[in-house]
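Summary of structural features
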Amino acid sequence: QKEVEQNSGPLSVPEGAIASLNCTYSDRVSQSFFWYRQYSGKSPELIMSIYSNGDKEDGRFTAQLNKASQYVSLLIRDSQPSDSATYLCAPLDNYGQNFVFGPGTRLSVLP
Amino acid sequence: DAGVTQSPTHLIKTRGQQVTLRCSPKSGHDTVSWYQQALGQGPQFIFQYYEEEERQRGNFPDRFSGHQFPNYSSELNVNALLLGDSALYLCASSSRLARSYEQYFGPGTRLTVT
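None of these values were measured; they are calculated from a predicted model. (Residues numbered from 1 in each chain as written. Chains lettered and ligands numbered in written order. Predicted model: local features only at pLDDT ≥ 70, side-chain atom pairs only at ≥ 80, totals over all residues. Heavy atoms only, no water.)

Considerations on unusual backbone geometry
For the bond running from G9 of chain A to P10 of chain A, omega is 10 degrees, close enough to zero to count as cis. Assignment of secondary structure puts P10 of chain A in the loop between β1 (4-6) and β2 (11-14). A cis amide bond links S7 of chain B with the next residue in sequence, P8 of chain B, at an omega value of -10 degrees. Along the polypeptide, P8 of chain B turns up in the loop between β1 (5-7) and β2 (10-13). The backbone of D78 of chain A shows a phi angle near 50 degrees, a positive value even though the residue is not glycine. Looking at where D78 of chain A falls in the secondary structure, it is placed in the loop between β8 (71-76) and β9 (85-93). (Helix = DSSP H or I, 4+ residues; strand = E, 2+ residues; numbered from the N terminus.)

Description of the side chain of Q6 of chain B
All names here are of chain B. Examined against the element boundaries, Q6 turns out to sit in strand β1. Classification of Q6 by relative accessible area gives buried; the value is 9%. One polar contact links the side chain of Q6 to the main-chain amide nitrogen of C91, over a distance of 3.1 Å. A distance of 2.9 Å separates a polar atom in the side chain of Q6 from the backbone nitrogen of G108. Ignoring sequence-local partners within four residues, the contact set of Q6 consists of R22, C23, W34, Y89, L90, C91, G106, P107, G108 and T109. (Buried < 20%, exposed > 50% of the residue type's maximum accessible area, 1.4 Å probe, protein only. Polar contact = N/O pair within 3.5 Å; in protein donor to acceptor, adjacent residues only side chain to side chain. Contact = heavy atoms within 4.5 Å.)

Thoughts on the interface of chain B and chain A
By convention, interface size is frequently given as the accessible area that disappears when the constituent parts associate. Between chain B and chain A, the contact holds 20 residues from the first and 19 residues from the second. Taken together, both faces of the contact between chain B and chain A bury some 1500 Å²; the carbon and sulfur share is 53%. When residues of chain B are sorted by the area they lose upon contact with chain A, Q56, Y101 and F105 of chain B head the list and together hold 36% of the total. On inspection of chain B and its partner chain A, the count reaches zero salt bridges. Secondary-structure elements contributing two or more residues to the side of chain B that touches chain A are β4 (31-37), β5 (44-50), β9 (87-94) and β10 (104-105) of chain B. Split into classes, the residues belonging to the side of chain B that touches chain A amount to nine nonpolar, nine polar and two charged. (Buried area = accessible area lost by both parts, 1.4 Å probe. Salt bridge = Lys/Arg side-chain N within 4 Å of Asp/Glu carboxyl O. Nonpolar A, V, L, I, M, F, W, Y, C, P; charged D, E, K, R; others polar.)

Thoughts on the sheet that holds strand β10 (residues 105-110) of chain A
Either a parallel or an antiparallel arrangement is found when strands of a sheet pair, and the pairing is made through backbone hydrogen bonds. Residue and element names in this part refer to chain A. What the five strands build is an open sheet, ordered β2-β10-β9-β4-β5; its pairing is mixed. The open sheet is flanked by β2 and β5 (45-50), the only strands paired with a single partner. If you compare each strand with its neighbour and ignore which way they point, the axes differ by 30 degrees on average. Bridge analysis of β2 against β10 gives four bridges, and the strand direction is parallel. If you follow L11 over to β10, its bridge partner there is L107. (Pairing = 2+ DSSP bridges. Axes fitted to C-alpha atoms, helices over the stretch in contact; angles between N-to-C directions.)

Pasting the structure below:
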């Protein structure tokens, strides 16, 4: 099993809908998670972090963590065309210092 | 408040040559991490510098080396370039002193090896 797995997409949703991005991970990473957004040709931009089981909300974004299932997700409510980007799931490594990035999920929000 | 800066933006080199990439961290940050991102993939961790020493290293050969200066800026050096080294090289800074895990990325350097 790879350390971090994500559906590469593209995931297409209509404008105004909820986009759900999923990530599974192995025991070889820590259980502190970050979500980054990367527009084409640009560098990753930090969206939010989650460390504890449950939900964490920040504006239109909600991160969900289920440690028992080794699963973390990012929900984007009221999706906008400007949300079209690749979303990277990034747990910290077991040393707790650097990220083990997933391959990313490409999201396309259709007007 | 200046963010993370990297230079150069783009670079074209020939196989076998050597390259140096530069990074200045965000103001107040003391730690620099380097990542390599191939097209269509997530970034891969190369190494991290703190207090002018390499603290952690990913699965990259010794051709990849680095340095951190007293002002916290950093360099990434790659020797004997291979075609497979073509990628976006990202620098990320963070604050170990503030015990923050958040890393902020610079704009990257696009390296093309021909």
